[in-house]
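Each chain is listed here by its residues.
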Amino acid sequence: MELPRSWPGRPYPLGATYDGTGTNFSVFSEPAERVELCLFDADGTEERIDLPETTAFCWHVYLPDIGPGQRYGYRVHGPWDPANGVRCNPAKLLIDPYAKAVEGEVHWDEAVFAHLYADPMAINDADSGPLMPKSVVINPYFDWENDRPLRVPVEESVIYEVHVKGATARHPDIEPELQGRYGGLAHPAFIQHLHELGVTTVELLPVHQFIHDSHLVEQGLRNYWGYNSIGFLAPHNDYARRQTGEQVQEFKQMVKTLHRAGIEVILDVVYNHTAEGSEFGPTLSLRGIDNRGY
């Protein structure tokens, strides 16, 4: 990969923001002494670019040649002082907390932990890059066609709590490629089912990017319910037909279609913990960027 041209960029908004010409990247980290933006080709080849500017602890750069579909992550250089809650380790590839899309999943290994199993205070220098999901630059443009929240009065609401996969994974009238996915919820057969039940509002169980815990994977199991978020702004990729950013378009189309059918959409969000767990958990995103800050 040839390193792209780079300009200083701007601190806000945080995340990766495509403007039709290029992409601005910004990430907040107070303890960082240096931040690298890591760009990945489809074959996993990694190129690193130092973020040249810092504004109020936001590290940023604008890349005029980078657009939707670009896979990326961060490496944060800084102090390693776990006793005081500072856990910078540039050997760990980090998911952008403000990523709108994530591709792939965690491949469990000691390398995704910033510390050593045998000594939680000792730094682990193994590279986690090949084992980590990648953040993805998205195309933010979508024609909502004047769509608006329905704002159904609470006293008139009939709320149906729905699991995106479970609702349609075996529905005989929905095409196999849509079963268990965002498109399945927007399918006429499922919408008809909601109307027959008298539902006014679907409440989606967690749809934010989550991971499957190591102890589940080791048993050949999956985290079905999704209460293990790692990307609060990214629709979970397993529920989409494609993962390289298109999941955002699929999610928006689902919402627009349900609204057109007179069905409101609300989300179940879990903010009291992340998939990084306790201090003995992996370093996947927030912990390695600014553990104390986040």
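Quick note: structure is the one above.
Residues numbered from 1 in each chain as written. Predicted model: local features only at pLDDT ≥ 70, side-chain atom pairs only at ≥ 80, totals over all residues. Heavy atoms only, no water.

Caption draft 1: Inspection of the overall build of the protein chain at higher detail. Counting its secondary structure elements, the protein chain contains six helices and 16 strands. The C-alpha radius of gyration of the protein chain comes to 20 Å, within 12% of the 19 Å expected for a compact globule of 294 residues. When its C-alpha atoms are laid out on the principal axes, the protein chain stretches across 60 × 45 × 40 Å. Per-residue burial over the protein chain gives 51% buried out of 294 residues. At a minimum sequence separation of 6, the contacts of the protein chain that also span at least 24 residues come to 71%. (Helix = DSSP H or I, 4+ residues; strand = E, 2+ residues; numbered from the N terminus. Rg over C-alpha atoms; globule rule 2.2 N^0.38 Å. Buried < 20%, exposed > 50% of the residue type's maximum accessible area, 1.4 Å probe, protein only. Contact = heavy atoms within 4.5 Å.)

Caption draft 2: Seen up close, the nonpolar core. Y182, V202, L204, M254 and L258 are the most contacted members of the largest nonpolar core, which totals 24 residues. Going through the elements one at a time, α2 (182-185), α3 (188-197), β13 (201-204) and α5 (246-260) are the ones with two or more residues in this core. When residues no more than four places from it in sequence are discounted, the contact partners of Y182 are V164, V207, P235, H236, Y239, A240, Q247, E250, F251 and M254. Membership of the second largest hydrophobic core comes to 23 residues, among which are A16, A32, Y74 and L94. (Core = buried A, V, L, I, M, F, W, Y, C linked by side-chain atoms within 4.5 Å.)

Caption draft 3: Layout of the packing of aromatic side chains. Per the counting criterion, the structure on display carries 13 aromatic pairs. On the numbers, 6.2 Å between centres and 85° between planes, the contact of F28 with F57 is edge-to-face. Of the two residues, F28 sits in strand β2 (residues 23-28) while F57 sits in the loop between β5 (53-55) and β6 (58-63), which places them 29 residues apart along the sequence. (Phe/Tyr/Trp six-rings, centres within 6.5 Å; stacked < 30°, edge-to-face > 60°.)

Caption draft 4: Representation of the sheet that holds strand β10 (residues 102-103) within the structure. Pairing in this open sheet of five strands is antiparallel, and the strands run β4-β3-β7-β11-β10 from one edge to the other. Of all the strands in the sheet, just β4 (46-50) and β10 have a single pairing partner and so form its edges. Summarising the sheet, β10 and strand β11 (residues 134-136) pair through two bridges and their orientation is antiparallel. Paired with E103 across the two strands is K134, which belongs to β11. (Pairing = 2+ DSSP bridges.)

Caption draft 5: Looking closely at the environment of P120. Residue position: P120 is located in the loop between β10 and β11. As for P120 and D147, which are separated by 27 residues in sequence, their C-alpha atoms are 50 Å apart.

Caption draft 6: Here's a closer look at the side chain of E36. Position of E36 relative to the elements: it lies in strand β3 (residues 34-40). Relative accessible area serves as the criterion here: at 6%, E36 is assigned to the buried category. Within polar-contact distance, the side chain of E36 engages the side chain of R34 at 3.0 Å. A distance of 2.9 Å separates the side chain of E36 from the side chain of H77, its partner in a polar contact. Once residues lying within four places of it in the same chain are set aside, the contact partners of E36 are R48, I49, D50, G73, Y74, R75 and H77. (Polar contact = N/O pair within 3.5 Å; in protein donor to acceptor, adjacent residues only side chain to side chain.)

Caption draft 7: Spotlight on the pairing of strand β15 (residues 229-235). Across the seven residues that make up β15, a large majority, five, are buried. Relative to β15, strand β14 (residues 208-210) runs antiparallel, the two being bridged by three bridges. Its bridge partner being in β15, H208 is matched across the sheet by P235.

Caption draft 8: Quick look at the layout of surface pockets. Counted as a void, the largest pocket has a volume near 310 Å³. The wall of the largest pocket is formed by 16 residues, among which K100, L233, P235, V248 and K252 lie closest to the centre. Residue contributions to the lining of the largest pocket peak at four residues, all from β15. (1 Å grid on protein atoms, 1.4 Å probe; cavity = no way out; pocket = protein on both sides within 12 Å on 5 of 7 lines; lining within 4 Å. Points joined across faces, edges and corners; volume = space filled by probe spheres on them.)

Caption draft 9: Expanded view of the sheet that holds β5. Here we have four strands laid out as an open sheet, ordered β1-β2-β6-β5, and antiparallel in their pairing. Edge strands, defined here as strands with exactly one partner in the open sheet, are β1 (15-18) and β5. Along the sheet, successive strands turn relative to each other by an average axial angle of 25°, direction set aside. (Axes fitted to C-alpha atoms, helices over the stretch in contact; angles between N-to-C directions.)

Caption draft 10: Representation of a nonpolar patch on the surface within the structure. A cluster of nonpolar side chains, contributed by Y98, L233 and Y294, occupies part of the molecular surface with about 270 Å² of accessible area. Within the fold, L233 resides in strand β15. For L233, a relative accessible area of 42% translates into the label partly exposed. (Patch = residues over 30% accessible without salt bridge, like charges linked within 9 Å, V, L, I, M, F, W, Y side chains within 5 Å. Areas by Shrake-Rupley, 256 points an atom, 1.4 Å probe, with all protein chains shown as cover. Salt bridge = Lys/Arg side-chain N within 4 Å of Asp/Glu carboxyl O.)

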